[in-house]
Amino acid sequence: MSMPMKERITSVDRQRTWEGEIPFHYEYTAGVSGERFLRGLQRGKILVPKCGNCGRSYLPPRAYCTNCFLEITSYVELKPTGRVSALAESHVDFQGRRSKPRTFAFVTFAGVTGGLVHFAEGKGLRIGSSVRAKFKPAAKRKGTLLDIETFVKT
Ligand SMILES: [Zn+2]
């Protein structure tokens, strides 16, 4: 599989379950909306585009509301707490290299269409668990999805 992130997330969202190893090549080259999202991460914030017409927010960020077909120009900051909608073990890291097995989660947020795939940890972690984004120290953030170190069960 070498689909870009957007398609992969969409398909995860649709299936709700994962099989086998998941390739994670996070490349948010989604233009302005992706850029604002990544700059937000660098500042320790999860910023999502919010449609001024219907109020829907999207992750991964998108420039146009798929409900209204209108351009989205405003962003809101999410609370860093979401919910695990799917879980998987992977032996492949975000760069596609083999690594020790880690747990990945598809994390969804209240009021947001879509979600984020990321590391998740915590005793008793399961589908439905509440998790909180743990950011790297500010000096180590680079404006990538990995500015979030992991999601930790609350
Ligand atoms: Zn809309």
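In the block above lies the structure referred to throughout.
What counts, and at which threshold
Residues numbered from 1 in each chain as written. Predicted model: local features only at pLDDT ≥ 70, side-chain atom pairs only at ≥ 80, totals over all residues. Core = buried A, V, L, I, M, F, W, Y, C linked by C-beta atoms within 7 Å. Buried ≥ 20, exposed ≤ 12 C-beta atoms within 10 Å, placed from the backbone. Helix = DSSP H or I, 4+ residues; strand = E, 2+ residues; numbered from the N terminus. Pairing = 2+ DSSP bridges. Axes fitted to C-alpha atoms, helices over the stretch in contact; angles between N-to-C directions.

Draft legend 1. Representation of the nonpolar core in the model. With 21 residues, the main nonpolar core has A105 and V107 as its most contacted residues. Put simply, the parts of the chain that give this core at least two residues each are α2 (31-42), β1 (46-50), β2 (57-59), β5 (98-108), β7 (116-121), β8 (130-135) and β9 (148-153). Ranked by residues supplied to this core, first place goes to β5 with four residues.

Draft legend 2. Expanded view of the sheet that holds β8. A barrel is described by the order of its strands in space; here five strands give the closed sequence β4-β5-β7-β9-β8, paired in mixed fashion. The sheet shows a mean angle of 50 degrees between the axes of neighbouring strands, direction not considered. Examined bridge by bridge, strand β4 (residues 81-92) and β8 share three bridges and lie antiparallel to one another. Pairing of T81 across the sheet is with R132, part of β8.

Draft legend 3. Summary view of unusual backbone geometry. Backbone torsion omega between L59 and P60 reads -10 degrees, so that peptide bond is classified as cis. Summarising the element assignment, P60 is placed in the loop between β2 and β3 (74-78). Even without being glycine, F69 reaches a positive phi, approximately 60 degrees. Here F69 shows up in the loop between β2 and β3. Residue F69 is classed as exposed on the basis of its C-beta count, with 8 C-beta atoms lying within 10 Å.

Draft legend 4. The pairing of β5, seen in detail. Alignment of β4 against β5, held across eight bridges, turns out to be antiparallel. Note that in β5 the partner of S90 across the bridge is R102. Bridging between β5 and β7 involves four bridges; their strand directions are antiparallel. Note on β7: the bridge partner recorded for F106 is V117.

Draft legend 5. Representation of the environment of G52. With respect to the secondary-structure elements, G52 resides in the loop between β1 and β2. In this structure G52 comes out as partly exposed when scored by C-beta crowding, with 13 C-beta atoms within 10 Å. Sequence separation between G52 and I72 is 20 residues; the distance between their C-alpha atoms is 6.8 Å.

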